[in-house]
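# Examination of the molecular architecture
Okay, here's what each chain looks like letter by letter:
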Amino acid sequence: MTTDRLDRIEEILAQTTTLARENAVAISELRSTVNSLVQIVEVHQHNFEVSQRNFEVIMSEIRGLRTESQRILEHLFGREENRE
């Protein structure tokens, strides 16, 4: 009976060792995947920040164009009519 018990313990130990190795490989793969995802997020974050800055520049340009258009319209229609 002692031999059976030792055999079962050895089998469990062998399975545990195999599972530990498989887990180590899986953890390594997960780390690699996480690192890749972090890099992707960093690239997207950078792209978002660039897009945000570009959007702010474009909005500033639009505001400037709107102001200039308003001045032109006032000059052509508003102020001329008020002076006459």
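Refer to the structure printed above.
As the structure is a computational prediction, the values presented were derived from the model and not from experiment. (Residues numbered from 1 in each chain as written. Predicted model: local features only at pLDDT ≥ 70, side-chain atom pairs only at ≥ 80, totals over all residues. Heavy atoms only, no water.)

Tallying secondary structure elements over the chain gives 1 helix and 0 strands in all. In terms of principal-axis extent, the alpha carbons of the chain reach across some 120 × 15 × 10 Å. Scored against the burial criterion, the 84 residues of the chain give a buried share of 0%. Accessible surface for the chain amounts to roughly 8,000 Å². Of this, 58% is attributable to carbon and sulfur atoms. Placing the 10 positive and 15 negative side-chain charges of the chain at their respective mean positions leaves the two points 5 Å apart. (Helix = DSSP H or I, 4+ residues; strand = E, 2+ residues; numbered from the N terminus. Buried < 20%, exposed > 50% of the residue type's maximum accessible area, 1.4 Å probe, protein only. Areas by Shrake-Rupley, 256 points an atom, 1.4 Å probe, with all protein chains shown as cover. Lys, Arg positive; Asp, Glu negative; His and termini not counted. Charge placed at Lys NZ, Arg CZ, Asp CG, Glu CD.)

A few words now on the environment of V41. With respect to the secondary-structure elements, V41 resides in helix α1 (residues 2-83). Between the alpha carbons of V41 and R5 there is a distance of 52 Å; along the sequence they are 36 residues apart.

This part is about the pattern of salt bridges. Applying the stated criterion across every chain yields a total of 1 salt bridge. Between R71 and E68 there is a salt bridge whose closest N-O contact spans 3.6 Å. Residue R71 and its partner E68 are located together in helix α1, separated by 3 residues, close to a single helical turn. (Salt bridge = Lys/Arg side-chain N within 4 Å of Asp/Glu carboxyl O.)

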